[in-house]
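These are the residues of each chain, in order.
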Amino acid sequence: MLMANCGAVEEDMTETESNVVLMAATTTPMTPKTKRVVVKEDDAHHPYAFHVSGPRNVASPNWRDLISSSWKDPNYKRTVMACFIQAAYLLELDRQENRNAQNALAPKWWIPFKYKLSQMLIDERDGSIFGAVLEWDRAAAMADLVVIRPSGAPKAVLALRGTILKSLTMRRDIEDDLRFLAWESLKGSVRFRVALEALQSVAKRFGSSNVCIVGHSLGAGFALQVGKALAKEGLFVDAHLFNPPSVSLAMSLRNIGEKAGFAWKRLMSMLPQKNEPLILNGNEAETSPSSGSGSGFRSWVPSFYGQNQKSSVDLRKWVPHLYVNDSDYICCHYTDQGGVNEKREVNNKENNSPVVNTIPQAAAKLFVMSKGKQKFLEAHGLEQWWSDNLELQSAIHSSRLISQQLKSLYSIK
């Protein structure tokens, strides 16, 4: 039996650390054996502790959810998904700070919502944790009289974190950041393969309609491309992507190519037309400016334009949810109105009938937060997405960038 001797606390203890003397009783009561254990009080007040920085007005599932499920509220769902991503971040921080099951920070971010950890996604290059699979915890729910899973609550969630600027994992995180910056693709990363296998596994086990993939920043980039890869197999999972990256050299070169192609067409349109073909080089001929004059530059960078691709209507079902802050230069390009076609929604106005435009092949459910000028860390942070009184503009949105990100879904090679 262990007993606490409060009188043994030393006077020189600091504000963030206290010494608790534990007394173990032996067969001889007069000769106790003592052991000193250090308990850190700062764990309870850690800035990433759920009760310190987590959402304030989000209730845990209870029997009322059997009548009216909180998961049908998009604000509730967004908040919980952001908390699951925070748990993925904290799993890695717990590992780096050698926390154990008793003082770990991460579990507090999924336990209130009746989920449990079923798998950690580990980068074999450095042993870091970059994601987690969370499953509905039926036993914990039954303890609170939630006898069945509330409508809208996924059976499994794959959560992927973004970059952590700490020495133990920073190298691999930045390596994947640069991979996306250079190629606008993460398929060459070890993490892509591990995440895709995990998503395929849970989708096969629970059914794709009961699975959700979420990510923040770099993790949102992985989630988008992993979800897209699964959609190509005909499996459509719910996807919630927070501050997804939208800047890359490939995108910049593509934009330069489009502008150069447009300038080439303008130049050719000003030249007098001839009956004979216009010879561009020894092997190419241009019959007239109207027959595709801008294709010359496109032939230099064909991979940026998706040439020789046929449209496929069967894959229009996958519409990811994108959450962007227009002050965040990493993701703000998703709000670019160039080539936009959208259906706007007005919240809390049931009598308004929005004008519905034809939704093109590549579209996303876009949620935009506008708070004016913000610092980068604030605009790119995950915490903003579970803050109180969050006002978002939402639309079924199809811009040039979204089309570029999702165009491979609508092609048959």
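The following refers to the structure shown. These figures come from a predicted structure and were not determined experimentally. Starting afresh in each chain, residues are numbered from 1 along the sequence in its written order. Reporting in this predicted model follows two pLDDT cut-offs: at least 70 for local features of residues, and 80 or more for side-chain atom pairs to be given and counted; totals over whole chains, interfaces and linings ignore these cut-offs and use all residues. To obtain the side-chain values, all non-hydrogen atoms of the structure were included, while hydrogens and water were left out.

What to know about helix α6 (residues 218–231)
- Relative to the 20 Å expected for 14 residues at 1.5 Å per residue, α6 spans 20 Å between its end C-alpha atoms, a close match to the ideal helical length.
- With 14 of 14 residues buried, α6 is to be regarded as a mostly interior element. Secondary structure elements follow DSSP: runs of H or I no shorter than four residues count as helices, runs of E no shorter than two count as strands, and numbering proceeds from the N terminus. Working rule for helices: expected span equals 1.5 Å times residues minus one. Each residue gets one of three labels from its accessible area relative to the maximum for its type: buried under 20%, exposed over 50%, partly exposed in between, using a 1.4 Å probe on protein chains only.

Things to note about empty space enclosed by the protein
- The distinction between a cavity and a pocket rests on a 1 Å grid over the protein atoms alone: a 1.4 Å probe fits inside a cavity but cannot get out, while a pocket stays open yet meets protein on both sides within 12 Å along at least five of seven lines, and a residue with an atom within 4 Å of a point counts as lining. Grid points are joined across faces, edges and corners, and a volume is the space filled by probe spheres set on the points. Taken as a whole, this structure holds three cavities of 30 Å³ or more when the rule is applied.
- Forming the walls of the largest cavity are Phe130, Leu160, Arg161, Gly162, Arg191, Ala195, Leu218, Gly219 and Phe222.
- Residue assignment for the lining of the largest cavity shows that the elements contributing at least two residues are α5 (190–206) and α6.
- Here the element with the most residues in the lining of the largest cavity is α6; it accounts for three residues.
- Nonpolar residues are Ala, Val, Leu, Ile, Met, Phe, Trp, Tyr, Cys and Pro. Charged residues are Asp, Glu, Lys and Arg, and all others, Gly as well, are polar. When its residues are assigned to classes, the lining of the largest cavity shows five nonpolar, two polar and two charged.

Section: the pairing of strand β6 (residues 156–160)
- Burial of β6 is extensive: five of the five residues sit out of reach of the surface.
- Here, a strand pair is defined by DSSP locating no fewer than two bridges between the strands. Here five bridges tie strand β5 (residues 129–136) to β6, and the two strands are oriented antiparallel to one another. Bridging from a neighbouring strand, Val133 pairs with Leu158 of β6.
- Taken together, the five bridges between β6 and strand β7 (residues 211–216) define a ladder with parallel strand orientation. Paired with Ala159 across the two strands is Val214, which belongs to β7.

Remarks on the layout of surface pockets
- If you add up the space inside the largest pocket, you get close to 1,000 Å³.
- Forming the walls of the largest pocket are 31 residues, and the residues nearest its centre are Tyr89, Thr163, His216, Ser217 and His380.
- Those elements that place two or more of their residues in the lining of the largest pocket are α2 (74–96), α4 (167–183) and α9 (376–380).
- Counting residues per element, the lining of the largest pocket draws most heavily on α4, at five residues.

Topic: the packing of aromatic side chains
- Think of it this way: a Phe, Tyr or Trp ring, Trp meaning its six-membered ring, pairs with another when their centres are within 6.5 Å, and the plane angle makes it stacked under 30 degrees, edge-to-face over 60, tilted otherwise. Scanning all chains against the criterion turns up 13 aromatic pairs.
- With centroids separated by 6.3 Å and ring planes inclined at 80 degrees, the aromatic side chains of Phe50 and Phe113 adopt a geometry described as edge-to-face. Taken together, the positions of Phe50 in helix α1 (residues 50–53) and Phe113 in the loop between α2 and β4 (115–122) put the pair 63 residues apart, joining distant regions of the chain.
- Given the relative accessible area of 18%, Phe50 is considered buried.
- Seen from their ring centres, Tyr115 and Trp136 are 5.5 Å apart, and the 85 degrees between their planes marks the pair as edge-to-face. Here Tyr115 is found in strand β4, whereas its partner Trp136 is found in strand β5, with 21 residues between them in sequence. No difference in accessibility class separates Tyr115 from Trp136, as the two residues are buried.
- Grouped by ring-pair contacts, the aromatic residues Phe50, Trp71, Tyr76, Phe84, Trp109, Phe113, Tyr115, Trp136 and Trp386 constitute a single cluster.

Comments concerning the pattern of salt bridges
- Salt bridge, as used here, is a side-chain nitrogen of Lys or Arg placed within 4 Å of a carboxyl oxygen of Asp or Glu. All chains considered together, the criterion is met by 19 salt bridges.
- Where Arg191 meets Asp173, a salt bridge forms, and the shortest distance between an N and an O atom there is 2.7 Å. Of this pair, Arg191 sits in helix α5 while Asp173 sits in helix α4, and the two are 18 residues apart along the sequence.
- The exposure class assigned to Arg191 is buried, which follows from its relative accessible area of 1%.
- Residue classification places Asp173 among the buried positions, given a relative accessible area of 0%.
- Taken together, the shared-partner salt bridges in this structure form one network comprising Asp123, Arg125, Arg161, Arg172, Asp173, Glu175, Asp176, Arg179 and Arg191.

From the geometry alone we can't say anything about function, so treat these as descriptive.
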